[in-house]
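Each chain, written out:
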Amino acid sequence: MIRKILFWFSVVMVTLWFLIPIVMIFIAALTPADDYYNPNKIFPSRLTFEHMYKLLFVLGGWKATLISLEVALISIAISFTIGLPAGYALTRYIFPGKNFVRLAILMTRSIPLIVIAVPLIVVYMEIGIADTVLGVALAHTAMILPFVVLITSSIFSGISVEYEEAGMIFGLSRFRAFLSITLPLAVPGLAASAIFSFIMSWNEVFVASILTLTNRTLPAHILNTAMTSPDYFKFAAGTLMALPAMVFIFFIRRYLISMWGISLK
Amino acid sequence: MTEGKTVAWLLLLPTLLFLAAFIGYPLVSAFTLAFSGETSALDNFKSLFQDRMFWRALKYTLLLAGVIVPIQLVLAIAFALLVNTRFKGYSFLLYVISIPLALSDVTAALMSYTMFAPMGYINKILMNLGITKAPIYFFGFMFRNREFWVIALTEIWRATPLVFVIILAGLQSINREYLEAADIFGFTRMQKLFKIILPLLKPSIMSALLIRTLFAFQIFGVVWLLAGRDIPVLAGETYYQYIHLNNPKMASVYGVVIAVITLVISYFYLFSLQSKHLEGGR
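Procedures and definitions
- Residues numbered from 1 in each chain as written.
- Chains lettered and ligands numbered in written order.
- Predicted model: local features only at pLDDT ≥ 70, side-chain atom pairs only at ≥ 80, totals over all residues.
- Heavy atoms only, no water.
- Helix = DSSP H or I, 4+ residues; strand = E, 2+ residues; numbered from the N terminus.
- Buried < 20%, exposed > 50% of the residue type's maximum accessible area, 1.4 Å probe, protein only.
- Contact = heavy atoms within 4.5 Å.
- Areas by Shrake-Rupley, 256 points an atom, 1.4 Å probe, with all protein chains shown as cover.
- Lys, Arg positive; Asp, Glu negative; His and termini not counted.
- Charge placed at Lys NZ, Arg CZ, Asp CG, Glu CD.
- Polar contact = N/O pair within 3.5 Å; in protein donor to acceptor, adjacent residues only side chain to side chain.
- Core = buried A, V, L, I, M, F, W, Y, C linked by side-chain atoms within 4.5 Å.
- Phe/Tyr/Trp six-rings, centres within 6.5 Å; stacked < 30°, edge-to-face > 60°.
- Lys NZ or Arg CZ within 6 Å of the ring centre and 35° of its normal.
- Buried area = accessible area lost by both parts, 1.4 Å probe.
- Salt bridge = Lys/Arg side-chain N within 4 Å of Asp/Glu carboxyl O.
- Nonpolar A, V, L, I, M, F, W, Y, C, P; charged D, E, K, R; others polar.
- pLDDT = per-residue confidence, 0-100.
- Axes fitted to C-alpha atoms, helices over the stretch in contact; angles between N-to-C directions.
- Parallel < 35°, antiparallel > 145°, perpendicular 65-115°, else oblique.
- Left-handed = near helix turned anticlockwise from the far one by under 90°.
- Patch = residues over 30% accessible without salt bridge, like charges linked within 9 Å, V, L, I, M, F, W, Y side chains within 5 Å.

Asks: Can you lay out the overall build of chain A for me, pointing to particular residues and giving the numbers?
Replies: Per the secondary structure count, chain A includes 13 helices and zero strands. Element order for chain A, N to C, with α for helix and β for strand: α-α-α-α-α-α-α-α-α-α-α-α-α. Considering only C-alpha atoms, chain A reaches an extent of 75 × 65 × 30 Å along its principal axes. Across the 265 residues in chain A, those meeting the buried criterion constitute 54%. Sequence-distant contacts in chain A: of pairs separated by 6 or more residues, those separated by 24 or more amount to 72%. For chain A, the exposed area adds up to about 11,700 Å²; of that, 72% sits on carbon and sulfur atoms. If you average the places of the 17 positive and of the 11 negative side-chain charges in chain A, the two averages end up 10 Å apart.

Asks: Requested: an account of the overall build of chain B, with residues and values cited.
Replies: Along chain B, the regular secondary structure elements total 12 helices and zero strands. Reading chain B from its N end, one meets helices and strands in the order α-α-α-α-α-α-α-α-α-α-α-α. Projecting the C-alpha coordinates of chain B onto the three principal axes gives extents of approximately 80 × 75 × 35 Å. Burial status across chain B gives 53% buried among its 282 residues.

Asks: Give me the lowdown on the environment of Thr228(A), citing residues and values where you can.
Replies: Residues and elements named next belong to chain A. If you trace the backbone, Thr228 turns up in the loop between helix H11 (218-225) and helix H12 (231-251). On a C-alpha basis, the gap between Thr228 and Phe175 in space is 55 Å, while along the polypeptide they are 53 residues apart. There is a polar contact of 3.0 Å between the side chain of Thr228 and the backbone oxygen of Thr225.

Asks: Help me get a handle on the nonpolar core, residues and values and all.
Replies: Counting 191 residues, the largest nonpolar core has Leu64(B), Ile151(B), Phe164(B), Ile167(B) and Leu234(B) as its most contacted members. Here this core takes 16 residues from helix H7 (residues 133-157) of chain A, the largest share from any one element.

Asks: Describe H11(A), naming the residues involved and giving the relevant values.
Replies: Counting buried residues in H11(A) gives six out of eight residues, a clear majority hidden from the surface. Every buried residue of H11(A) is accounted for by Leu218(A), Pro219(A), Ala220(A), His221(A), Ile222(A) and Leu223(A).

Asks: Pulling in residues and values, what's your account of the packing of aromatic side chains?
Replies: Taken as a whole, this structure holds 41 aromatic pairs over all chains when the rule is applied. Ring plane angle 90° and centroid distance 5.4 Å describe the contact between Phe7(A) and Trp8(A), whose orientation is recorded as edge-to-face. Looking at Arg174(A), its charged tip hangs above the ring of Tyr93(A), at a distance of 4.8 Å from the centre. The lysine or arginine in question, Arg229(B), covers the ring of Tyr240(B), its NZ or CZ lying 3.5 Å from the ring centre.

Asks: Provide a residue-level description of the interface of chain B and chain A, including the pertinent values.
Replies: In this complex, chain B contributes 86 residues to the contact, which on the side of chain A involves 88 residues. Summed over both partners, the interface of chain B with chain A comes to about 7,800 Å²; 82% of that surface belongs to carbon and sulfur atoms. One can count zero salt bridges joining chain B with chain A. Between chain B and chain A we count 11 residue pairs in polar contact (both at pLDDT 80 or more) in total. Ranked by residues supplied to the side of chain B that touches chain A, first place goes to helix H1 (residues 2-34) of chain B with 20 residues. Here the side of chain B that touches chain A is composed, by residue class, of 64 nonpolar, 17 polar and five charged.

Asks: Give a detailed account of the confidence of the model for chain B, specifying residues and quantitative values.
Replies: Residue and element names in this part refer to chain B. For chain B, per-residue confidence averages 88 on the pLDDT scale, and residues scoring 70 or more make up 95% of the total. Long-range and interchain partners of residues 277-282, a stretch whose pLDDT sits below 50, account for one contact in this model, where long-range means more than four residues apart. Listed scores for the predicted complex are pTM 0.89 and ipTM 0.89.

Asks: Just give me the short version of the packing of helix H5 (residues 105-116) of chain B against helix H7 (residues 144-172) of chain B, but keep the residues and values in it.
Replies: Residue and element names in this part refer to chain B. At their nearest, the axes of H5 and H7 sit 10 Å apart, and the two run at 125° to each other. As the angle between them shows, H5 and H7 are arranged oblique. In terms of crossing hand, the pair formed by H5 and H7 is right-handed. Note on element contacts: H7 touches H5 through Val150, Leu153, Thr154, Trp157 and Arg158, opposite Asp105, Ala108, Ala109, Met111, Ser112 and Phe116. Of the residues contributing to the contact of H5 with H7, the split by class is seven nonpolar, two polar and two charged.

Asks: Any details on a nonpolar patch on the surface? Residues and values, ideally.
Replies: Residue and element names in this part refer to chain A. Together, Ile2, Leu6, Phe9, Val12, Met13, Leu16 and Ile20 line one region of the surface with nonpolar side chains, adding up to about 670 Å² of accessible area. Counting through the fold element by element, Val12 comes out in helix H1 (residues 2-29). Classification of Val12 by relative accessible area gives partly exposed; the value is 44%.

Asks: Tell me about unusual backbone geometry, and name the residues and values.
Replies: Unlike most non-glycine residues, Asp131(A) shows phi in positive territory, near 60°. Among the structural elements, Asp131(A) can be located in the loop between helix H6 (113-127) and H7. At Asn246(B), a position not held by glycine, the phi torsion is positive, near 55°. Checked against the element boundaries, Asn246(B) lands in the loop between helix H11 (234-244) and helix H12 (248-281). Its relative accessible area of 57% is what places Asn246(B) among the exposed residues.

Asks: Pulling in residues and values, what's your account of the packing of H1(A) against H7(B)?
Replies: In a packed pair of helices, the relevant descriptors are the angle between the two axes and the axis-to-axis distance. Two elements in contact, H1(A) and H7(B), have axes separated by 11 Å at closest approach and are oriented at 115°. With respect to each other, H1(A) and H7(B) are oriented roughly perpendicular. H1(A) and H7(B) meet at a crossing whose hand is left-handed. Residues Trp17(A), Phe18(A), Pro21(A) and Ile22(A) of H1(A) pack against Leu153(B), Ile156(B), Trp157(B) and Pro161(B) of H7(B).

Asks: I'd love a proper account of the side chain of Thr65(A), names of residues and values included.
Replies: Residue and element names in this part refer to chain A. Looking at the secondary structure, you find Thr65 in helix H4 (residues 61-92). The class for Thr65 is buried, based on a relative accessible area of 9%. Here the side chain of Thr65 touches Gly61 through a polar contact of 2.6 Å, landing on its backbone oxygen. Discounting chain neighbours no more than four positions away, the residues touching Thr65 are Leu56, Trp202, Leu218 and Leu240.

Asks: Go over the environment of Asp230(B) with me, naming the residues and quoting the values.
Replies: Residues and elements named next belong to chain B. Considering the arrangement of structural elements, one finds Asp230 in the loop between helix H10 (221-226) and H11. In this structure, the C-alpha to C-alpha distance between Asp230 and Gly140, residues 90 residues apart in sequence, is 7.4 Å. If near-sequence neighbours (up to four positions away) are discounted, Asp230 is found in contact with Arg56, Gly140, Phe141, Arg144 and Glu147.

Here you go:
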């Protein structure tokens, strides 16, 4: 009995430990300023979208959100366009140097992006893509691409090659067999990894802040403005950052553990 | 088969070129930049080692890693054991624990600020209960010891789920028969934990530890938002050197220091994994 109480007590404690800060920032973002600065009021007497509105449309949050979305979508598009064939090659072909290539791609994941940010901006200034959406997107592609290659390779290896071979016996080319047989089977996994890539890009702050000055992504914008803004804008900013990520992670929760396993290798 | 080989390389080529251009080349030029002094190659490193801020940044980065990583490991093991009992509703707990995986360091810092701000919830609750009369200040140069602990707590909150995921995967791969055999021999829970589960978890624990240490040396967003340069860290100094001092050379020097530390840790990581395989062969 005591053991049972202790067990459920710890379950509740862990849940609260993770949920309280999240719930509280949502509430704080909707708390009117005078309630927030009133020490006697823990919970607001009414809720307001005033701070969210100001953050988005007066303080540049909306523009930053759009830039973040563009950056994430461009990096996902590039990473999948070139990473998916690479992942396919790593699973379906046997060729000398394959293990070396796989290891090299793994190695690039352990190189901190912090190191490459400064040299990248130097190059960007020369070729004229400093402070652009494309510049950040290319840097984020460098972060996402190795993950995409490894995860697509693992997704394709989970789909039996025999389906493709059967298609080829019936006269499909290898490419057509891939398009009409393997790819549809891989869609759920690919969608989950696209969402995961989105979160990686959406959350990345260091490189984005180094590479841009006026076209800042949302986290970069927040990093550079939040601490000089009144508290309630900080809470609104945190809420704006957290919401999409939380919604997305809900959709891919089934894939989460295996995906982190791959992204952390 | 030779045709297959060509196709494979053609499929890989765009990725390899991209990674060479956007990771390989910048990495090399970071080193070139860092080693380009006016009189000798080591000029920048000389001024780095004479800079008090560098030693403080190194100290705080190490201190933070030293505090955060062990606590995370213990918590993650506890959480994983809890989830792995597969009680009714365990998948809800699993989702709750995995939420921080989707949150950035910036978001986590702001959430932590919600709790610890002068008018944050912790202060309001303490004041309303009559425990304190005025807010306790957790932020500001005067209070940087408190800042340090708030940062540590935030990182523990945010990144424990990362360790948790690795440990849980390790737990799930433990053969249930070992535990059943232990039951037959009348092992207590504690004996099972220390004599069976933890030894079998060792590979997962090793990789979790090393991955977390690796990331701990790149800590930036949480520190920068909550403490600025009150608590200098290596990545923060990289940022400061480039953005505020407009000094790409010194920024690269800091970057290279982080890269070298990371390299050493990854080497250690690969090495310990290899020795694990050797043990498995015996």
